[in-house]
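Architecture at a glance
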Amino acid sequence: MSDYINIQNIHKDFSGLKVLAGVDFKVREKESHAVIGPNGAGKTTLFNIISGKLKSSSGSVVFKGQDISGKPPHILNRRGLSRSFQITNVFQELNVFDNILSGVRSRYGRRYHFFKNPYHDRNICEKTESIIDEVGLTSAKDQPASSLSYGQQRALEIGITLSTEPELILLDEPTAGMTREETEQAIRMIDRVTTGRTLIIIEHDMEVVFSLADTISVLHYGTILVSGTPEEIRNNQLVKDAYLGEE
Amino acid sequence: MKQKSKSLIIIGVLFLVSALMPIILKKYHLSMLTEIMIFALYAVSYNLLLGYAGLLSFGHAVFFGMGAFMTAIALVNIPGLSLWNAILISLVTTIFTSIILGSLLLRHKGSYFALLTLAFNSLFYAVATKWREVTGGDDGLAIMRPELNLGFTSISMTSLTNFYYLTMIVIGAAIIFCWYFTHTAMGKTVLLMRENEERMKFLGYNINISRLILFTFTGTMAGLAGIFYAFHFKFVSIWAISVDMTTAVLLMVFVGGTKVYWGPILGAFVYIILQNYLSDITARWPLFMGLIFVIMVLYVPGGLSGIITSIWQRFFVKKNHNAGKASTAEVVTS
Amino acid sequence: MSDIPVFILHGLAYAGLLFLVSAGLTLIFGMLNVLNFAHATLYMLGAYFSYTVVTQMGGQFWMALILCPLMLFIIGALVEWFLLRRVHAYGHVPELLLTFGLAYIITELVKWHWGNYPLAVKVGPVLESTVQIIGITYPVYRIFIFLCAVFVGIMMALILYKTRLGIILRASVNDKEMANALGVNIPLVFTGVFAFGSALSGFAGVVAGPLLSTYPGMAHDILIDAFVVIVVGGFGSLGGAMIASLIIGELHSFGVLLFPKLSMALIYLLMVVVLLIKPSGLFGEKS
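Rules of the game
Residues numbered from 1 in each chain as written. Chains lettered and ligands numbered in written order. Predicted model: local features only at pLDDT ≥ 70, side-chain atom pairs only at ≥ 80, totals over all residues. Helix = DSSP H or I, 4+ residues; strand = E, 2+ residues; numbered from the N terminus. Buried ≥ 20, exposed ≤ 12 C-beta atoms within 10 Å, placed from the backbone. Contact = placed C-beta atoms within 7 Å. Rg over C-alpha atoms; globule rule 2.2 N^0.38 Å. Pairing = 2+ DSSP bridges. Nonpolar A, V, L, I, M, F, W, Y, C, P; charged D, E, K, R; others polar. Axes fitted to C-alpha atoms, helices over the stretch in contact; angles between N-to-C directions. Parallel < 35°, antiparallel > 145°, perpendicular 65-115°, else oblique. Left-handed = near helix turned anticlockwise from the far one by under 90°. Core = buried A, V, L, I, M, F, W, Y, C linked by C-beta atoms within 7 Å. Expected span 1.5 Å × (residues − 1). Bend = angle between axes of the 7 residues up to and from the residue. Arc of directions from axis to C-beta. pLDDT = per-residue confidence, 0-100.

Assigned secondary structure in chain A consists of nine helices and ten strands. Burial statistics for chain A: of 247 residues in total, 44% are counted as buried. Once local pairs closer than 6 in sequence are excluded, the contacts in chain A between residues at least 24 apart make up 65%.

Set out below in structure tokens:
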């Protein structure tokens, strides 16, 4: 029961095409876990299953001792699981504040309220401001998301993910498409905002992985090749042959 | 807070101006103003779907017509029914209809949603036409306005002025409430629905519930407009529940503009005036309607309110321009 | 109940007509993702053009069968090229409103030019005759309608699934970038599909004119039935449109026989039941 989240034997077929063929790994509470692997290894599919976007063909996801497989995304989010998207997925025509506010007020149970104006709730506004500060968008607070630079949009993506104050955060390639400098900035930010929380991250950039992750799983053709500490992964012959060797 | 007092002043001024209208306007125009108010609520409720949530419905007349018909049916069949009870019965029926229809349509969006709502509108129209015993079919139903019972006194509603004041207060309050609604948590959730339903799910929002709430709310408001429509004309025909009635609201909203809250109100104003004068001049009103649609879509997608807003902004161009510059400068430095 | 074969055949004829209208609608829907509200008015235009060709210009019915779809093809191409294309980038709302406005304009123009009353079209001696079929005497024309639908259905299926053109069409729907990479001119494909759908609708109108008579309300009368076909059959599914047309055609026919007052409600009832049980339609893919 000490496992915080336990992925058990997940299979996924897309009309006959096997994408995941028995994925197993565990993450302990407050650990940062990275899932790496080549393109097409099924990383995003795995995330989609954990976060409730897709249903697995078989297998289960156990979160805090409860089987959560097949639960819809909004229920999973209310239980403390939040995810980001590889392709920026924000509310384009709303400004940064309203983007973050959407998650904060959801967390405070102000989703469908007919009479209360969320702007008038001090707790909600303060929480929103503090998340905007954390992801470094304070100066762009009133700008519509569509006018932000790419790096800022990625920061907003993470900000929205954090806005429901999740215990378990899933980040899908948060630094995809960033310049070296932006990536370094992003790593520092992610490291800062995920302290004290459990993180599962999909990443291509080895530098990001080795600087952020406590443990790593290597996903290869739909199965986990090996799981371990960064050190173990670096020295593993199988991984070297299959993946790191290509770099 | 400043914003709040500003809105209160605007509401107060509008209230006073409207209250003076029976003194200023002739009976014919006062009747037209009453009609404009009723259709303004209908249009505002529709724009919450189209402009705010991005849902194109071709079935809004179902709720408008339901409100109108239930009022007429209740008044015809229940002798001595009070005004409030007629409203209550009709509103409850409309709410039930919206919930049932809403649950059937929940899973569909885009073109498919448009198609289904049109089909349902036709279904209700067919029922209203065929079920003559209850709806009067092609002949429609004629009613009398019951008097308004305030507990300590009763006010006759036979005079247009009295009915105008009732409309002004009830419909006015509903329009203000719809405006307030856009600032509430649910109102902001509606915007999220337009922008990105997918992401909402991952933030703990139940999409089906959100849509059902919105659909029921807008349906109820359209129903309230329908109720007053029945009272105003003292007559309900199957036109009230026809696809043409949906087209009418679509035209009002589109002509007025979907981007700002008062767009549809302006649209209702223009529509009623055009319809009153243009249909006198020409029997080819539908042709003009079609042309207006096509021209608006191609050349004026923002509607009349869009034109007004851009002219307004041109007046304050200096101010806005500087503000824009300041914020871009901030981005560069950050 | 010796009438039953007659009603079955009546149902088949109406099913044929419905299929001809909804095939074009569902094709445009599936490929362009545009719900064409003007589709049924194009069908009506086909019927009126045919009246002009046959009655006013003294042509033969078969000429109308060829000429009118061609005219509708051109009209469809123009509509797509000059109107729909311009608003395509802004999503489905302007597209729907545009076709909606067009429907009003065309209907009014038709009333203006041809008048607001029913017109009849002569189809020639062969099609006006009757034949002996399964023991009853039955009009050739209704059988002709059904055969037209079968022919069109088979041709469309062959084109879509057996030819290079079909592969291009389906690729343009599923993966626009890939189709682009293959050098497919997507805008041209869209114009072509819209024009073809319009031509099909016009063809249906020509065929419908002599059976149902030609009048300004004919567009509205078939539009809702065609919509229900699409809902029941499933979005953009040709096979679904075929089956749903048959079901609704027969339901229409037997509804009149068994529950004359409720016949219209039966079709809506079917739609509601399908929506409840399988919201994506009988043959629709899950969105």
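On a plain count of helices and strands, chain C comes out with twelve helices and two strands. Relative to a compact globule of 287 residues, whose C-alpha radius of gyration would be 19 Å, chain C shows 19 Å and is just as compact. Taking the principal axes of the C-alpha coordinates as reference, chain C spans close to 60 × 50 × 35 Å. A buried classification covers 49% of the 287 residues belonging to chain C. Put simply, of all contacts in chain C between residues at least 6 apart along the chain, 74% involve residues at least 24 apart.

All names here are of chain A. Within the open sheet, the four strands sit side by side as E2-E1-E4-E5. Their pairing is antiparallel. Taken across any chain shown, the strands that pair with only one partner, and hence form the sheet edges, are strand E2 (17–28) and strand E5 (66–67). Pairing of strand E1 (residues 3–14) with E2, which is carried by nine bridges, proceeds in the antiparallel orientation. Looking at E2, one finds that Ile10 is bridged to Val23.

In this section: the interface of chain A and chain B. In this assembly, 30 residues from chain A lie in contact with 25 residues from chain B. Of the residues that constitute the side of chain A that touches chain B, the class distribution is nine nonpolar, 14 polar and seven charged.

Residues and elements named next belong to chain A. In this sheet, strand E9 (residues 215–220) lies alongside strand E3 (residues 32–36) in parallel orientation, the contact comprising four bridges. Bridge pairing in E9 links Val35 to Ser217. Note that E9 and strand E10 (residues 223–228) share five bridges and pair antiparallel. Paired with Ile216 across the two strands is Gly228, which belongs to E10.

Looking at the element boundaries, Pro210 of chain C is found in helix H9 (residues 186–212). Classification of Pro210 of chain C by C-beta neighbours within 10 Å gives buried; the count is 24.

What follows deals with the sheet that holds E9 of chain A. Two strands in a sheet stick together by hydrogen bonds in their backbones, pointing the same way (parallel) or opposite ways (antiparallel). Residues and elements named next belong to chain A. Pairing is mixed in the open sheet, where six strands are placed in the order E6-E7-E8-E3-E9-E10. At either margin of the open sheet sits one strand with a lone partner, and together these are strand E6 (81–83) and E10. Neighbour-to-neighbour, the strand axes of this sheet turn through a mean angle of 15 degrees, independent of strand direction. Bridge analysis of E3 against strand E8 (residues 198–202) gives four bridges, and the strand direction is parallel.

This part covers the interface of chain B and chain C. Counting from both sides, the interface comprises 28 residues of chain B and, opposite them, 32 residues of chain C. Only helix H5 (110–130) and helix H13 (285–299) of chain B provide two or more residues apiece to the side of chain B that touches chain C. In terms of residues, the side of chain B that touches chain C owes the most to one element, H5 of chain B, which gives twelve residues. Grouping the constituent residues of the side of chain B that touches chain C by class yields 20 nonpolar, five polar and three charged.

Residue and element names in this part refer to chain B. Their axes nearest at 10 Å, the elements helix H2 (residues 27–52) and helix H7 (residues 160–181) cross at an angle of 20 degrees. By the angle class used here, H2 and H7 are roughly parallel. In terms of crossing hand, the pair formed by H2 and H7 is left-handed. Only Leu160, Phe163, Tyr164, Thr167, Met168, Ile171, Ala174, Ile175 and Cys178 of H7 make contact with H2, whose side of the interface consists of Lys27, Leu30, Ser31, Thr34, Met37, Ile38, Ala40, Leu41, Val44, Ser45 and Leu48. The residue inventory of the contact of H2 with H7, partitioned by class, reads 15 nonpolar, four polar and one charged.

Another aspect to go through is the nonpolar core. Judged by nonpolar contacts, the single largest core of 189 residues is most densely connected at Leu41, Ala43, Ala119 and Ala225 of chain B together with Val231 of chain C. Sorting elements by how many residues they give to this core places helix H1 (residues 4–32) of chain C first, with 16 residues. When sequence neighbours within four positions are dropped, the list of residues in contact with Ala119 of chain B reads Ile224, Phe227, Val228, Val231 and Met271 of chain C. Judged by nonpolar contacts, the second largest core, of 65 residues, contains Ile49, Ile224 and Ile233 of chain A together with Leu203 of chain B.

Every α-helix winds through 3.6 residues per turn, so residues three or four apart in the chain are directed the same way. All names here are of chain C. Relative to the 39 Å expected for 27 residues at 1.5 Å per residue, helix H3 (residues 61–87) spans 38 Å between its end C-alpha atoms, a close match to the ideal helical length. The largest bend along H3 measures about 35 degrees and falls at Glu80. Restricting attention to buried positions, one finds in H3 the residues Phe61, Ala64, Cys68, Pro69, Leu72, Phe73, Ile75, Gly76, Val79, Glu80, Leu83 and Leu84. Looking at the buried positions of H3, the neighbouring elements they touch are helix H2 (39–56), helix H4 (92–114), helix H5 (125–128) and H9.

Residue and element names in this part refer to chain A. You will see that Lys30, though not glycine, has its phi angle at about 65 degrees, which is positive. Looking at the secondary structure, you find Lys30 in the loop between E2 and E3. Phi at Glu173 is positive, roughly 45 degrees, even though this residue is not glycine. As for its placement among the helices and strands, Glu173 is situated in the loop between strand E7 (168–172) and helix H6 (180–193). Glu173 gets classed as buried once you count the C-beta atoms within 10 Å, which come to 21.

Let us now look at H13 of chain B. Look at H13 of chain B: 21 Å from first C-alpha to last across 15 residues, which is about the 21 Å you get at 1.5 Å a residue. Among all positions of H13 of chain B, only Met289, Gly290, Phe293, Met296 and Val297 of chain B are buried. Looking straight down H13 of chain B, one finds that the buried residues subtend no more than 135 degrees of arc, so they occupy a single side. Projecting away from the buried face of H13 of chain B at angles above 90 degrees are the exposed residues Ile295 and Tyr299 of chain B. Buried residues belonging to H13 of chain B abut helix H11 (243–256) and helix H14 (303–315) of chain B together with H3 and H4 of chain C.

Bringing the confidence of the model for chain C into the picture now. With 95% of its residues at a pLDDT of 70 or more, chain C has an overall mean of 86. What the predictor reports for the complex is a pTM of 0.87 with an ipTM of 0.90.

We now examine the packing of helix H3 (residues 61–77) of chain B against helix H4 (residues 83–105) of chain B. All names here are of chain B. Relative orientation of the contacting elements H3 and H4 amounts to 145 degrees, with a least axis distance of 8 Å. Every pair of crossing elements has a handedness; the one defined by H3 and H4 is right-handed. Across from Val62, Phe63, Met66, Gly67, Met70, Thr71, Ala74 and Leu75 in H3, the residues of H4 making contact are Ala86, Ile89, Ser90, Thr93, Thr94, Thr97, Ser98 and Leu101. When grouped by side-chain class, the residues that make up the contact of H3 with H4 number nine nonpolar, seven polar and no charged.

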